There are 2 protein chains.
Amino acid sequence: MNDTKLIDIAAALGISVTTVSKALKGYSDISKTTRSRVLEMADTMNYRPNANAVNLRTNETKTIGVIIPATVHHFFSSVLNGILEEAENRGYLVIILQSNEKYELEKKQIALLLQKRVDGILISLSNETDDFSHINAAIKNNTPVVLFDKIAKMVDCSKVVINDRKAAYDAVTYLIEKGYKKIAHFRGSYVPQNSIDRFLGYKKALEDRGIAYDPSLVYMCDHNSDFEDGYVCAKKLVEDHKDVDAVFAITDLVAIGIIKYLNEINIKIPDQIAVFGFSNWFMSTVISPKLTTIDQPGYEIGHRAASILIDEIAQIKEHLPVTHQIVELPTHIIERESTLKTVEVPA
Amino acid sequence: MNDTKLIDIAAALGISVTTVSKALKGYSDISKTTRSRVLEMADTMNYRPNANAVNLRTNETKTIGVIIPATVHHFFSSVLNGILEEAENRGYLVIILQSNEKYELEKKQIALLLQKRVDGILISLSNETDDFSHINAAIKNNTPVVLFDKIAKMVDCSKVVINDRKAAYDAVTYLIEKGYKKIAHFRGSYVPQNSIDRFLGYKKALEDRGIAYDPSLVYMCDHNSDFEDGYVCAKKLVEDHKDVDAVFAITDLVAIGIIKYLNEINIKIPDQIAVFGFSNWFMSTVISPKLTTIDQPGYEIGHRAASILIDEIAQIKEHLPVTHQIVELPTHIIERESTLKTVEVPA
DNA sequence: GAAACCACCGAAAACGTTTTCGGAAAAATA
DNA sequence: TATTTTTCCGAAAACGTTTTCGGTGGTTTC
């Protein structure tokens, strides 16, 4: 049990705990000589301050809490990497919790984090969440909160997002400009807002280019917005609409399901049907044809959210006014094979 | 600042903090009536015990630390999900750290976790780590450690692993029994042990079946054992060996790189060359042809490791003797298209 | 009616720090 | 030499709990 405390160092040196503590923290009213004696003794005795005692006394834990709604995969693992990197750099520890898209669990976890006295909270809201009193409680408790990805506009705190509507709008506009006429959309369920926004971007792009919006071209992938969804909806799509020439999927996973099905039935991508994904996950470069998609900067989202949170923690500590930021990270189109028609060689 | 403490409840009720504390913790020397009064008042005042004070007093934090060597992706995200799930169920919080395969960072992070007084540590070692004094320091400090995936045999603690050598042996044996004669291996670098073990399993399987081991059929994927590695080594392979008929890759990622290349140059999988992966990551069902692979149960590894750790924490608390376990989780072959030759239709 | 017992409560110490405040000795000034 | 200033150190309180130990007052026992 290698557990030396201030009092042990003090005893070994024949001085008081006060002096030891001050020496370690670099107080100016300690002489050079005693300071160096303390430092050396602390080193040889392998002293590590008891974080609990320090936390209790100083009322800060150098720890932030992160709540993500879903399993650590795909998008959220990138976000997490961004958070972990920034936290490491700034000297913070991170506690991770999963709400599994459940409001009650999310609420309980916020309470838990507050009880643990984390210095701040990063959260992407669950799909069920439509009451924000637990978030406001944290904020009122002087614990800053930064929302990312799945946010609530009405909560007064910093947020880091992408513009889903614009990104979808850009994607569909791109397809139209490439000459595609009949563009289907494989959408997500009615929650969260992100899936609605992507749908709205799709619709707006069509309307702005004078293409009539046709509800029968919109397929709901509400299973899990996953691979299977794309596969089965693609099947329905080609049965319903012989002449569709492109599809914009809410997610790369869905898009890959589509590609899989079209490959199986020998429909040429993109010559017969083009496929456009969303997120730029790893698999999108692995599939054949490689998937055109929207780059969703998960790592940057996490990095930025953590950075803002830690800034706010510092501001609160200094009793400075905290200025909330709404950061909208840019997305852009990653053009790959699934929308690039092979050039016709003139005869 | 919604921050009620024991003393506030005591004041509101005109009793002592002692009584409040005991009532909340269900001590038997508090009358039913005062207990219920306290409980109700605690509820209306929205009392949450200050975890730091509790931790300091009780010397336990209900928190475990997790150190993973690489980015949260693929295998480690599954492990993480298993850990998070078990921790949630058992009432533990989890702090995540990434060592980025650096020994020095890993060492620093262990010290940090001990300083934070986590109740236990879960760690998969970095590739650089060949000195284990930091791990032993934690154990000596009465903080149980469970090693998973990348372990060190010499450290005296519980471990959760798969048998890489056997899994590889099984894979190659499977290929041989399927009739493949000239089987290449795309191996990982000389660290960690897992990659060596998979190589040894490959070699042993060949020898046991009377196939001479040919070093020129082994390619080193030491870049990152990733997609690119597989792609470029596949290119070399088909140039070097016209007659190779199967390849066993250290990782699904590498295998997918191989498939990608073979698809591009129109080599039929598996009719000309079969491909066998390792890990059963998500993409292996997405690629064409679907990849035969070894199922590496990341979720179970995390789940099990966390479970053992929390058990040991309880044992230590009760001053019971701790019994270390070495758990070897079973793997099995997931047979898919990449090794299933299309049956010849008899004329 | 004294002795023994029980049910209930609270004072106080402890966990390991940080920080305020005052005080002693040494140095500088007069 | 007497006074002021500077330098350095330590006592003690505080952070919010938990838990030991003792002490009431009331009830039971003989």
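Rules of the game
- Residues numbered from 1 in each chain as written.
- Chains lettered and ligands numbered in written order.
- Predicted model: local features only at pLDDT ≥ 70, side-chain atom pairs only at ≥ 80, totals over all residues.
- Heavy atoms only, no water.
- Helix = DSSP H or I, 4+ residues; strand = E, 2+ residues; numbered from the N terminus.
- Rg over C-alpha atoms; globule rule 2.2 N^0.38 Å.
- Buried < 20%, exposed > 50% of the residue type's maximum accessible area, 1.4 Å probe, protein only.
- Contact = heavy atoms within 4.5 Å.
- Areas by Shrake-Rupley, 256 points an atom, 1.4 Å probe, with all protein chains shown as cover.
- Lys, Arg positive; Asp, Glu negative; His and termini not counted.
- Charge placed at Lys NZ, Arg CZ, Asp CG, Glu CD.
- Near = heavy atom within 4 Å.
- Polar contact = N/O pair within 3.5 Å; in protein donor to acceptor, adjacent residues only side chain to side chain.
- Nonpolar A, V, L, I, M, F, W, Y, C, P; charged D, E, K, R; others polar.
- Phe/Tyr/Trp six-rings, centres within 6.5 Å; stacked < 30°, edge-to-face > 60°.
- Lys NZ or Arg CZ within 6 Å of the ring centre and 35° of its normal.
- Domains from an automatic or database assignment.
- Buried area = accessible area lost by both parts, 1.4 Å probe.
- Salt bridge = Lys/Arg side-chain N within 4 Å of Asp/Glu carboxyl O.
- Least-squares fit on C-alpha atoms with pLDDT ≥ 70 in both.

Observations regarding the overall build of chain A
Reasoning step 1: Counting secondary structure elements, chain A contains twelve helices and twelve strands.
Reasoning step 2: A globule of 347 residues ought to have a C-alpha radius of gyration of about 20 Å, yet chain A, at 27 Å, is considerably larger.
Reasoning step 3: Summarising its shape, the C-alpha atoms of chain A cover approximately 95 × 45 × 35 Å along the three principal directions.
Reasoning step 4: Residue burial in chain A is summarised as follows: out of 347 residues, 53% are buried.
Reasoning step 5: Relative to all contacts within chain A whose residues are 6 or more apart in sequence, the contacts with residues 24 or more apart total 71%.
Reasoning step 6: Carbon and sulfur atoms provide 52% of the accessible area of chain A, an area that totals close to 15,500 Å².
Reasoning step 7: Each charge class in chain A can be summarised by its mean position, and for the 39 positive and 45 negative side chains these summaries are 4 Å apart.

Here's the deal with the protein's contact with DNA strand C
Reasoning step 1: In the neighbourhood of DNA strand C, 24 residues make up the surrounding shell, with Ser21(A), Tyr27(A), Arg57(A), Thr19(B) and Lys22(B) lying closest.
Reasoning step 2: Protein-adjacent atoms of DNA strand C, using a 4 Å cutoff, are sugar or phosphate at a proportion of 58%.
Reasoning step 3: Interatomic distance of 3.0 Å between a side-chain N/O atom of Tyr47(A) and a sugar or linking oxygen of DNA strand C.
Reasoning step 4: When residues of the surface near DNA strand C are traced back to their parent elements, those giving at least two are helix H2 (17-24) and helix H4 (51-58) of chain A together with helix H2 (17-24) and helix H4 (51-58) of chain B.
Reasoning step 5: A per-class count over the surface near DNA strand C returns nine nonpolar, eight polar and seven charged.

Thoughts on the packing of aromatic side chains
Any two aromatic rings considered together are summarised by their centre-to-centre distance and by the angle between their planes.
Reasoning step 1: A complete count under the given rule lists 19 aromatic pairs over all chains for this structure.
Reasoning step 2: Ring geometry for Phe199(A) and Tyr213(A): centres 5.9 Å apart, planes at 65°, overall edge-to-face. Placement of Phe199(A) in helix H9 (residues 193-208) and of Tyr213(A) in the loop between H9 and strand E7 (218-220) is noted, with a sequence separation of 14 residues between them.
Reasoning step 3: Arranged with centres 6.5 Å apart and planes meeting at 80°, the rings of Tyr202(A) and Tyr213(A) form a pair that is edge-to-face. Residue Tyr202(A) is located in helix H9, and its partner Tyr213(A) is located in the loop between H9 and E7; the two are separated by eleven residues in the primary sequence.
Reasoning step 4: Look at Tyr202(A) and you get buried, because its relative accessible area is 0%.
Reasoning step 5: We classify Tyr213(A) as partly exposed; its relative accessible area is 25%.
Reasoning step 6: Through successive ring pairs, a cluster of aromatic residues spans Tyr174(A), Phe248(A), Phe276(A) and Phe278(A).
Reasoning step 7: Sitting over the face of the ring of Phe199(A), Arg187(A) holds its NZ or CZ atom 4.8 Å from the ring centroid.
Reasoning step 8: A cation over a ring is seen here: Lys203(B) above Tyr213(B), with NZ or CZ 5.0 Å from the ring centre.

What to know about the domain arrangement of chain A
Residues and elements named next belong to chain A.
Reasoning step 1: What the domain assignment lists for chain A is domain 1 (6-49), domain 2 (61-161 + 299-330) and domain 3 (164-296 + 334-339).
Reasoning step 2: Domain 2 and domain 3 are separated by 31 Å when their C-alpha centres are compared.
Reasoning step 3: Each side of the interface is counted separately: domain 2 has five residues, and domain 3 has seven residues.
Reasoning step 4: In total, about 670 Å² of surface goes out of reach between domain 2 and domain 3, with carbon and sulfur atoms giving 56% of it.
Reasoning step 5: At the boundary of domain 2 and domain 3, one finds zero salt bridges.

Overview of the protein's contact with DNA strand D
Reasoning step 1: Near DNA strand D there are 24 residues, and of these Thr19(A), Lys22(A), Thr34(A), Ser21(B) and Arg57(B) occur at the shortest range.
Reasoning step 2: Sugar plus phosphate: this is where 58% of the atoms of DNA strand D within 4 Å of the protein reside.
Reasoning step 3: Lys22(A) is positioned such that a nitrogen or oxygen atom in its side chain is 2.4 Å from a base oxygen of DNA strand D.
Reasoning step 4: Taking Arg57(A), its side chain carries an N or O atom lying 3.1 Å from a base nitrogen of DNA strand D.
Reasoning step 5: Every element with two or more residues in the surface near DNA strand D is listed here: H2 and H4 of chain A together with H2 and H4 of chain B.
Reasoning step 6: Class assignment for the residues of the surface near DNA strand D results in nine nonpolar, eight polar and seven charged.

Details of the interface of chain B and chain A
Reasoning step 1: In this complex, chain B contributes 50 residues to the contact, which on the side of chain A involves 50 residues.
Reasoning step 2: For the pair chain B and chain A, the summed buried area comes to about 4,600 Å², and 55% of that belongs to carbon and sulfur atoms.
Reasoning step 3: Counting every contact that joins chain B to chain A gives four salt bridges.
Reasoning step 4: The closest approach of N and O atoms between Arg117(A) and Asp3(B), which form a salt bridge, is 2.7 Å.
Reasoning step 5: Sorting the residues of the side of chain B that touches chain A by element identifies H4, helix H5 (74-90), strand E2 (93-98), helix H6 (103-115) and helix H11 (252-264) of chain B as the ones contributing at least two each.
Reasoning step 6: At seven residues, H5(B) tops the list of elements feeding residues into the side of chain B that touches chain A.

Quick look at the relation of the copies chain B and chain A
Related by rotation about an axis and a shift along that axis, the two copies of the chain form a pair.
Reasoning step 1: When chain B is fitted to chain A, the residual RMSD is 0.1 Å, and the transformation amounts to a turn of 180° plus an axial shift of 0.0 Å. These values place the two chain copies in the arrangement generated by a two-fold rotation axis. If distances are taken from each C-alpha of chain B to the rotation axis, the shortest is found for Ile95(B), at 2.2 Å.

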